[in-house]
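# Observations on the three-dimensional arrangement
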Amino acid sequence: MEKRNEAEGKPSYWKEKQPSMKRRCTQHDYRERGIYMITMVIEGRRPLLGRLAGDPEVIEGPGKPHVELSAFGRRVWECWRAIPEHHPAIEAVRLCIMPDHIHGVVFVKERMEKHLGQVIAGFKTGCNKAARELGIMAAAMPQPTGQEAAGQTAAGQGAAAALGNAAAGQGAAAGPVGCVAAVPQRWGHYDRHHGALWEAGYHDRILREKGQLGRMLAYLDDNPRRLLLKRLHPEFFTRLGKLTVVGVEMEAMGNRFLLDYPAKKQVQCSRHLYDPEIEAEKEALLEQATREGAIVVSPCISRGEKVITTAAMQERLPLIVLLLNGFPEQYKPDPRYLDACTEGRLLMLAPYPHQTDRLSDMRARCLELNRLAAAICKGC
């Protein structure tokens, strides 16, 4: 019989699936037609691609927030633009280069023979070649001599051959700028983690909904401004750790002192409300919250709740949001919350830990978040 973990009733070999933003969607064929947003991060978050410049208050012109590309950043841009030359089924729609990561949108116009991951691997290979030419990555480790070399030559040749075969079998050598496979970083042994330029893997988002592409492109265009605001106001964009709120431990980000305000008003709307009913609820809440100087509190789940809280932010009312999911690593507030967060008018609370899998207990979470919002408003 297999040994089992008595406390959890699971086999001894059981290993919990770790949350990851880099897992692929198991129900999707990445050779098929579709629009994807790809995110890749420089290993160690090194700012190799450029530097942030501009003024977040400037909307247009040379002073607008932007990234001044380094020589390597410009080569990455060239590699991205070259993708369609090597993969005609792909249109490189947009690239946003930040100092330590990139976001790119691609349109797969027709079914491809290769998996999208192989295209990304080729792009990374081209960037690696550029990094070696610019001296950012070493071309190869110094070769041993004499007896040491004699003892290691056979092993080195075997490893190099294995690497070449793997690249040929997976399409890794056919990078977007026609680069060869990466040179082994250790003599006689290939170690993909040693001296890496990019973090392993990448994150993808499949764009399926109407209007999603326009919102995503606007998000990418606004990325430098958001990063500048975060750097100018780090106190409101730093995870606060766990706070005990109405008897529940929650992760928090934003202005924690909003909890101390005596007047709070909950926004809770049925998802079955019609537009005229939502409008009436909005007008009533804005009038009351403005008159009383109240904090608006809501999970912002239903359409009505989102409409009302967005209007409250536009009226510069402070807001406490309870999140359905927790904070992932490198969390960024939703763009609609950005200005409120920058000005200290927002507190985000996450009673649940972050998970990348589809939420299976959505209804229970919604009910619990509305209960917590009511308790916060009552101060109990």
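In what follows, the structure referred to is the one given above.
Here is a short report on the structure shown in this document. (Residues numbered from 1 in each chain as written. Predicted model: local features only at pLDDT ≥ 70, side-chain atom pairs only at ≥ 80, totals over all residues. Heavy atoms only, no water.)

Let us now look at unusual backbone geometry. Glycine aside, the phi torsion of most residues is negative, and most peptide linkages are trans. A positive phi angle is found at Val-246, which is not glycine, with a value near 45 degrees. Its location among the elements puts Val-246 in the loop between β9 (239-245) and β10 (248-254). Relative accessible area serves as the criterion here: at 27%, Val-246 is assigned to the partly exposed category. Of note in the backbone geometry, Cys-300 takes a positive phi value of approximately 55 degrees without being a glycine. The residue Cys-300 is located in the loop between β12 (295-298) and α8 (303-314) in this model. When its relative accessible area of 6% is taken as the criterion, Cys-300 is described as buried. (Helix = DSSP H or I, 4+ residues; strand = E, 2+ residues; numbered from the N terminus. Buried < 20%, exposed > 50% of the residue type's maximum accessible area, 1.4 Å probe, protein only.)

Turning our eyes to something else, we now look at the environment of Arg-371. Tracing the backbone shows Arg-371 in helix α10 (residues 362-378). Its relative accessible area of 44% is what places Arg-371 among the partly exposed residues. Only 2.8 Å separates the side chain of Arg-371 from the side chain of Glu-368, close enough to count as a polar contact. (Polar contact = N/O pair within 3.5 Å; in protein donor to acceptor, adjacent residues only side chain to side chain.)

The subject of this paragraph is the side chain of Asp-100. Within the element layout of this structure, Asp-100 appears in the loop between β6 (90-97) and β7 (101-108). A distance of 2.7 Å separates the side chain of Asp-100 from the side chain of His-101, its partner in a polar contact. Those residues in contact with Asp-100 that sit more than four places away from it in its chain are Val-41, Ile-42, Arg-45, Arg-46, Pro-47 and Leu-49. (Contact = heavy atoms within 4.5 Å.)

Further remarks concern the packing of aromatic side chains. Applying the stated criterion to the full structure yields three aromatic pairs. Seen from their ring centres, Trp-80 and Phe-123 are 5.7 Å apart, and the 90 degrees between their planes marks the pair as edge-to-face. One end of the pair, Trp-80, is in helix α1 (residues 71-81); the other, Phe-123, is in helix α3 (residues 116-133), with 43 residues separating them in the sequence. Connected via pairs of aromatic rings, a cluster forms that spans Trp-80, Phe-123 and Trp-198. Taking NZ or CZ as reference, Arg-226 lies 3.8 Å from the ring centre of Tyr-219, over its face. Over the aromatic face of Tyr-352 sits the side chain of Arg-365, whose NZ or CZ is 4.2 Å from the ring centroid. (Phe/Tyr/Trp six-rings, centres within 6.5 Å; stacked < 30°, edge-to-face > 60°. Lys NZ or Arg CZ within 6 Å of the ring centre and 35° of its normal.)

All right, on to the sheet that holds β10 then. Taken together, the six strands give an open sheet; going across it, the order is β9-β10-β14-β13-β12-β11, and neighbouring strands pair in mixed fashion. Looking at the sheet topology across the chains shown, the edges are occupied by β9 and β11 (264-266). Ignoring which end each strand starts from, the neighbouring axes of this sheet average 25 degrees apart. Direction of pairing for β10 relative to strand β14 (residues 346-350): antiparallel, over a ladder of four bridges. When the bridges of β14 are listed, Ala-252 appears paired with Leu-349. Where α10 meets the sheet, it contacts β9, β10, β11, β12, β13 (319-322) and β14, and its direction lies at approximately 155 degrees from that of β11. (Pairing = 2+ DSSP bridges. Axes fitted to C-alpha atoms, helices over the stretch in contact; angles between N-to-C directions.)

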